[in-house]
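Notes for the structure review
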Amino acid sequence: MQIIDCENKDYTQVCKEVRTSEDVDVCLQNCLGQRYIGAGLNNKTIIIDGVPGNALGAYLDGANIEVKASVQDAVGDTMNAGKILVRGSSGDATGYAMRGGKIYIRDDAGYRTGIHMKAYKENFPIIMIGGKCGSFLGEYMAGGIIVVLNLKDEKQIVGNFTGVGMHGGKIFLRTSDLNANFPPQVKCEIATKEDIKEIEKYIVEYANDFDIDANKLLSSQYHILKPNSANPYKRLYTAH
Amino acid sequence: MAINMVEPLYEVSRNATRCINCRICEKECSNLVHSYDENLKAMISDETKCVNCHRCVVMCPTHALKIVKSDNCFRENANWTQDSIMTIYNQAQTGGVLLSSMGNPEPFPVYWDKILINASQVTNPSIDPLREPMETKTFLGAKVPDIKRDENGDIVNNLPPQIELSTPIMFSAMSYGSISYNAHSALAQAATKLGTLYNTGEGGLHKDFYKYGANTIVQIASGRFGVSKNFIEAGAAIEIKMGQGAKPGIGGHLPGTKVVEDVSKTRMIPEGSDAISPAPHHDIYSIEDLRQLVYSLKEASNYKKPVIVKIAAVHNVAVIASGVARSGADIIAIDGFRGGTGAAPTRIRDNVGIPIELALAAVDKRLRDEGIRDKVSIIVGGSIRNSSDIIKAIALGADACYIATSALIAMGCHMCRSCHLGRCNWGIATQRPDLTKRLDADEASQKLVNLVEAWTHEIKEMMGGMGINSIEALRGNRLMLRGIGLTEKELEILGIMHAGE
């Protein structure tokens, strides 16, 4: 494993060292806001000590990234495959237009989490949030799964405008008392056993990653949000 | 029953003595205008469905058909025109947003047509491009003002990545989805033969076209359709679409009906699902945020590809372009308000944005005034109709031009402006297999090659006439232009003198 000390280095230097490292395993120490770490990589396991900057793992193509602290905005932007594990919270636009792979956040996520996520056949993105999320969760969502686990059992776990423009995918919210208004494009139901079966393996993996009890999470009640239609704007237009 | 206030805009004029009832027009018309009446033993037409695309006119073996503008009229009114009245009927009936296609058709001034080009007489002799070398080769990308040398005095190549074009004409972004597989294939083949580039648009890149990568610009828009590591690395350059001239300020929306199996594979979304690109990139709210996307793409492509940022020509375009130039973009593409589209709300298309001529002049001046013109190349599009438009654009400061509507017309488009219906009879703006097969990709690519070669030759002739033998010497050379019938303010913005001065 190559150890890279990030102290007093800018992102171009850090990213270059990661990209050109001959080792598959790379450990970054003293990371402090360097952007784009792991951008587009497919063959690395990157462990980060400290707080990386924006766009961590953008266009990620199969690499694994583990962060021992929180991350900033746009983590996993347009990622394709791989896994990003965050032992803390994530900033805004987590998993923007993510098209595959997994982002597991231990604590909370900011605004616009999972915005424009989309799935296609074997490319199927998953975002798991341990705590709660800001507004615009799953905005324009077109595919994949977002799970908000609400590990602290709070009342308000999503903000305003959740699922606005959603036309694909599913959002699971672990709460029995859902305190939110949803837009007309979104259908909200209590998740059935079948529904939960779909996320079981991710919950087990998540619980394993963060050393928590999966059984408690699996036996809880979830609400599931789905789009009403795959063509939400069909009736909006008239030909001129 | 409510009355449907649809009145036909065109009449199908069928010459009965020529018509042989072969029913070819019926087979060719995807709008179902023509049919055969068994009782009358003759062809009849339902003109309310006609979009005036001329497919039947061209295919009629006996030339029995022509489409004429209906002389059916409302009471004359300079304010309440027929279109104003009929759009109200339409919206009162449907409650829908008016949707139309292709560029702004309204009679706004076309500044290209009010600019004249210079030529040499007596002094500074003109050059004959048939006999003398004439350079149209163009390099796009950030230039560095300082030459660096190593300890031996040799020049160190510190030039950021460049695009090399044989001629300053590229094919502008049109997505696979908005146009057909064969149309994309024709553009890719033509760009390769010509030594220029075509642009994927925001719909991803079909697997069959990766082989044309060296002549491809891959585009990334807010929906990020089909964007993957392979896609980012596939082309010669990466374009971030911030805006489009036909619909500044709004996003894209490919209706589910056009997301057929193959389009779904390329966009990487399920078949039949709407492909929605929101108006903004939701991670970009500032120049700093744009810089983040630019550099994330540079990181992901290992700094080997120039990054283009495409913006629509809007009121503050010069200031915006200055910001874009400082975001790390290598190239700015500016799209004027006459730029085409596969679908845009009519009111936005016809009323939002400004002409490319004024936008280009303003941007070039602003960047020069700020001393950052070298940091970026400028591509302009938004209705480049011929080679003299290109000469004028380059003399106003553009490095290269984007053409799209012209390219579609070269492939057979008849400008019926009905792309949004998805029933293009010419096999271009449709995904219906029975229609897409009407466009022969090889033949269409040859037409594109012919067009660009002809224009390039015309550009050389006009350059030669001015005594200029390299496109570099024409760039930003506004002394070669004069305005005609323009106000002082217009001349000031264009940075040119009036004819006779």
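Residues numbered from 1 in each chain as written. Chains lettered and ligands numbered in written order. Predicted model: local features only at pLDDT ≥ 70, side-chain atom pairs only at ≥ 80, totals over all residues. Heavy atoms only, no water.

1. Topic: the overall build of chain A
Of the regular secondary structure elements, chain A holds 3 helices and 12 strands. Going through the 240 residues of chain A one by one, you find that 57% of them count as buried. A separation threshold of at least 6 residues defines the contact pool for chain A, and within that pool the share at least 24 residues apart is 43%. Taken as a whole, chain A presents about 9600 Å² of accessible surface, with 45% of it coming from carbon and sulfur. Across chain A, 27 positive and 29 negative side-chain charges occur, with their mean positions spaced 7 Å apart. (Helix = DSSP H or I, 4+ residues; strand = E, 2+ residues; numbered from the N terminus. Buried < 20%, exposed > 50% of the residue type's maximum accessible area, 1.4 Å probe, protein only. Contact = heavy atoms within 4.5 Å. Areas by Shrake-Rupley, 256 points an atom, 1.4 Å probe, with all protein chains shown as cover. Lys, Arg positive; Asp, Glu negative; His and termini not counted. Charge placed at Lys NZ, Arg CZ, Asp CG, Glu CD.)

2. Remarks on the sheet that holds strand 7 (residues 126-129) of chain A
Backbone-to-backbone hydrogen bonds join strands into a sheet, with any given pair of strands oriented parallel or antiparallel. All names here are of chain A. On the basis of which strands lie adjacent, the open sheet formed by 11 strands has the order 1-2-3-4-5-6-7-8-9-11-10 and mixed pairing. Here the strands that pair on one side only, and so sit at the sheet edges, are strand 1 (2-5) and strand 10 (186-190). The mean angle between the axes of side-by-side strands here comes to 15°, regardless of whether they run parallel or antiparallel. Packing of helix 1 (residues 11-20) onto the sheet brings it into contact with strand 1, strand 2 (25-32) and strand 3 (45-51), and relative to strand 2 it is tilted by some 170°. Here helix 2 (residues 193-210) sits on the sheet and contacts strand 5 (81-86), strand 6 (102-105), strand 7, strand 8 (142-148), strand 9 (168-174) and strand 11 (222-227); the angle it forms with strand 6, its principal contact strand, is near 60°. (Pairing = 2+ DSSP bridges. Axes fitted to C-alpha atoms, helices over the stretch in contact; angles between N-to-C directions.)

3. Section: the nonpolar core
One finds A:Leu28, B:Phe171, B:Met411, B:Ile428 and B:Leu474 to be the most contacted residues of the largest nonpolar core, which totals 147 residues. A per-element tally of this core places helix 14 (residues 441-465) of chain B first, with 8 residues. Sequence-distant contacts of B:Ile428, defined by excluding residues within four places in its chain, comprise B:Ser178, B:Ile179, B:Ser180, B:Ala183, B:Leu408, B:Met411, B:Gly412, B:Cys413 and B:Leu439. In this structure, A:Ala191, A:Tyr202, A:Tyr206 and A:Leu217 belong to the second largest nonpolar core, which totals 18 residues. (Core = buried A, V, L, I, M, F, W, Y, C linked by side-chain atoms within 4.5 Å.)

4. Things to note about the domain arrangement of chain B
Accessible area lost on assembly of the parts is the figure often given for the size of an interface. Residue and element names in this part refer to chain B. Split into domains, chain B comes out as domain 1 (10-96) and domain 2 (138-498). Placing the centre of domain 1 and that of domain 2 at their C-alpha centroids yields a distance of 35 Å. Contact with domain 1, which involves 12 residues of that partner, is made by 11 residues of domain 2. Counting across the domain 1 and domain 2 interface gives 1 salt bridge. Glu28 serves as the salt-bridge partner of Arg438, at 3.5 Å between the closest nitrogen and oxygen. Inspection of the region where domain 1 meets domain 2 yields 7 residue pairs in polar contact (both at pLDDT 80 or more). For the side of domain 1 that touches domain 2, the elements supplying multiple residues, two or more each, are helix 1 (24-28) and helix 2 (55-59). (Domains from an automatic or database assignment. Salt bridge = Lys/Arg side-chain N within 4 Å of Asp/Glu carboxyl O. Polar contact = N/O pair within 3.5 Å; in protein donor to acceptor, adjacent residues only side chain to side chain.)

5. Notes on the packing of aromatic side chains
All names here are of chain A. What the rule picks out here adds up to 9 aromatic pairs over all chains. When the centroid spacing of 5.6 Å and the interplanar angle of 55° are considered together, the rings of Tyr104 and Tyr206 count as tilted. Of the two residues, Tyr104 is situated in strand 6 and Tyr206 in helix 2; the sequence distance between them amounts to 102 residues. Taking the relative accessible area as the measure of exposure, Tyr104 reaches 0% and is therefore buried. By relative accessible area, Tyr206 is classed as buried at 0%. (Phe/Tyr/Trp six-rings, centres within 6.5 Å; stacked < 30°, edge-to-face > 60°.)

6. Overview of the sheet that holds strand 12 (residues 237-239) of chain A
The mixed open sheet is built from 3 strands, whose spatial order is 12(A)-5(B)-19(B). Both edges of this open sheet fall to strand 12 of chain A together with strand 19 (344-345) of chain B, since each of them pairs with a single strand only. Both strand 5 (residues 97-100) of chain B and strand 19 of chain B contribute to a ladder of 2 bridges, which runs antiparallel. When the sheet's bridge partners are listed, B:Ser100 is paired in strand 19 of chain B with B:Ala344. Against the sheet, helix 3 (residues 82-94) of chain B contacts strand 12 of chain A together with strand 5 of chain B, and its axis sits at roughly 120° relative to strand 5 of chain B.

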